[in-house]
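Structure assessment
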Amino acid sequence: MNKLFSHINIKNLELKNRIVMAPMCMVMADEKGYAKDWHEIHYATRAIGGTGLIILEATAVESRGRIKDGDLGIWDNSHIEGLSKIVNSSKALGAKVGIQLAHAGRKCTAKSETIIAPSPIAFDDSYSTPEEMTKDDIKAVINSFKEGARRANEAGFDAIEIHGAHGYLINEFLSPLTNKRRDEYGGSLENRTKFLIEIIKEVKTVWPENKPIILRVSGEEYAESGNHPEDLVNIINLVKNEGIDIINVSSGGVVPADIDIYPGYQVTFAETIKKGTELPVITGGLITEPEMAEEILKNNRADFIFLGRELLRNPYWPLEAAKKLNQDIEWPYPYRRAKN
Ligand SMILES: Cc1cc2nc3c(=O)[nH]c(=O)nc-3n(C[C@H](O)[C@H](O)[C@H](O)COP(=O)(O)O)c2cc1C
């Protein structure tokens, strides 16, 4: 039995395989963050192709939380309708659908927005210097994650993913490289984790108990005094009892760094986090071969495999992978004659 195509239940979420579409910004929303036909077609195509869990791109919980103009938004009730169309079509085609709730923090490049971060340090010369967040800003952002989660539930999403990776706002609080605060949100690892804990606590007041919450982290920050996989284990162990069900392990993006990337370059980070937290993990990064995915899963190094660019190139990767691994899966009815 191939593990890539084995079913798994996480709370009420039943997945038909271990293939996860990584969140990928499409920069195709309008200037107010509304979803377009593009999004519906783009995600539905991956649903037809057999992806088990689609995680929608970084979707901003505040307009100043957008990475770029063109990002999807979930900061207003009027965003729900467009998002629910994406959910309904992809679900009808057999996929489960999650959404990444995001705030860009100091990496917001959307025009006419005030940029905020835990500390007033720019990412690099090409970015503006953010304003240091006041306690009121902190409260407002925590509330906007909660409101985002409520809207995500109303839109019908099966899961939410809290974006705690890639040097965006939550990661900026978690990392000693970007968080130089002297109040209770900065300093020790416990203090740096407080913002994330408060977000999860608030989200849990509106997000149904039977639907999973995923947390995406940068498992390695590629700077000596930044966070490393063992630090992430400690951070996750502080938050997991608040109600995190799955960890999606990525890396980098916190400070400019040269990264040696190769197929599976993030797998050992995921492995360390899985062992240290005993939570299911999603791993990926330049993975294109089903045999490699199978090795990672069978050796219990991770529980799910995310595919990003490979699913952009080939939305039918899961169908192709099943064929390569000799796995009999249910094909979309109109495609069945192509199965053999
Ligand atoms: C076009 C593009 C957009 C991306 N947008 C996001 C995003 O919105 N949120 C996120 O966490 N990662 C984002 N990523 C990173 C991917 O989720 C993934 O981690 C990365 O592409 C590595 O996986 P891959 O080698 O399979 O592509 C993006 C990557 C690409 C290529």
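Structure: above.
Read on for a plain summary of the structure. Position numbers for residues start from 1 in each chain and track the written sequence from start to end. At least 70 in pLDDT is required for a residue's local features to be given in this predicted model, at least 80 for side-chain atom pairs to be given and counted, and no such filter applies to totals for whole chains, interfaces and linings, which use all residues. Excluded from the side-chain calculation are hydrogens and water; included are all heavy atoms of the structure.

**A word on the packing of helix H3 (residues 135–154) against helix H5 (residues 189–204)**
For any two helices packed against each other, the geometry is given by the interaxial angle and the distance between the axes. Contact geometry of H3 with H5 gives a least axis separation of 8 Å together with a crossing angle of 40°. Taken together, the axes of H3 and H5 lie oblique to each other. Two packed elements cross with a definite hand, and for H3 against H5 that hand is right-handed. In this structure, H3 contributes Ile-138, Val-141, Ile-142, Phe-145, Lys-146 and Ala-149 to the contact, and H5 contributes Phe-195, Glu-198, Ile-199, Glu-202 and Val-203. Classification convention: Asp, Glu, Lys, Arg as charged; Ala, Val, Leu, Ile, Met, Phe, Trp, Tyr, Cys, Pro as nonpolar; all other residues, Gly among them, as polar. Residue composition of the contact of H3 with H5, grouped by class: eight nonpolar, no polar and three charged. Axes here mean lines fitted to C-alpha atoms, for a helix over just the part in contact, with angles spanning 0 to 180 degrees between N-to-C directions. Labels follow the DSSP assignment, with helices taken as runs of H or I lasting at least four residues and strands as runs of E lasting at least two, numbered in each case from the N terminus. Roughly parallel covers angles under 35 degrees, roughly antiparallel covers those over 145, roughly perpendicular covers 65 to 115, and oblique covers all other angles. By the definition used in this description, the sense in which the near helix is turned from the far one sets the handedness, with an anticlockwise turn below a right angle giving left-handed and a clockwise turn giving right-handed. Only heavy atoms matter for contacts: two residues are in contact if any of them lie within 4.5 Å across the pair.

**Structural notes on the nonpolar core**
Soluble globular proteins: nonpolar side chains tend toward being buried together. Within this scheme, the nonpolar core is defined by two criteria: the residues are buried Ala, Val, Leu, Ile, Met, Phe, Trp, Tyr or Cys, and they are joined through side-chain atoms within 4.5 Å. Here's how the labels work: a residue is buried when its accessible area is under 20% of the maximum for its type, exposed when over 50%, partly exposed in between, all with a 1.4 Å probe on protein chains only. In terms of nonpolar packing, the biggest core is built from 79 residues, with Leu-4, Leu-56, Phe-157, Phe-195 and Ile-247 touching the most fellow members. For this core, the element with the highest residue contribution is H5, accounting for seven residues. In this structure Ile-247 touches Leu-215, Val-217, Ile-236, Ile-273, Leu-279, Pro-280, Val-281 and Ile-282, once residues within four positions along its chain are discounted. Core analysis: the second largest hydrophobic core is formed by 14 residues, Leu-13, Leu-15, Ile-55 and Ile-214 among them.

**Let's talk about the site of the ligand**
Near is defined per residue: the residue qualifies when any heavy atom it owns lies within 4 Å of the molecule or strand. Near the ligand lie 16 residues; those nearest to it are Pro-23, Gln-100, Arg-216, Leu-286 and Arg-309. The backbone of Cys-25 places a nitrogen or oxygen atom 2.8 Å from a nitrogen atom of the ligand. Here Gly-308 contributes a backbone N or O atom positioned 2.8 Å from an oxygen atom of the ligand. Throughout, the Shrake-Rupley method with a 1.4 Å probe supplies accessible areas, and for residues the shown protein chains are the sole cover considered. In the complex, 81% of the free accessible area of the ligand, which totals 610 Å², lies under the protein chains. Tallied by class, residues from the shell around the ligand come to eight nonpolar, six polar and two charged. A 3.5 Å cut-off defines polar contacts: any pair of N or O atoms within that distance qualifies, except that in protein one atom must be a possible hydrogen donor and the other a possible acceptor, and neighbouring residues in sequence count only when both atoms are side-chain atoms.

**Observations concerning the pairing of strand S6 (residues 96–102)**
Of all seven residues making up S6, six are buried, and the element is well covered by its neighbours. Two strands are counted as paired when DSSP detects at least two bridges linking them. Judged from the seven bridges that link them, strand S4 (residues 53–60) and S6 form a sheet pairing that is parallel. Paired with Ile-54 across the two strands is Val-97, which belongs to S6. Sheet topology note: the S6/strand S9 (residues 159–164) ladder contains four bridges and is parallel. Across the sheet, the residue bridging to Ile-99 is Ile-160, located in S9.

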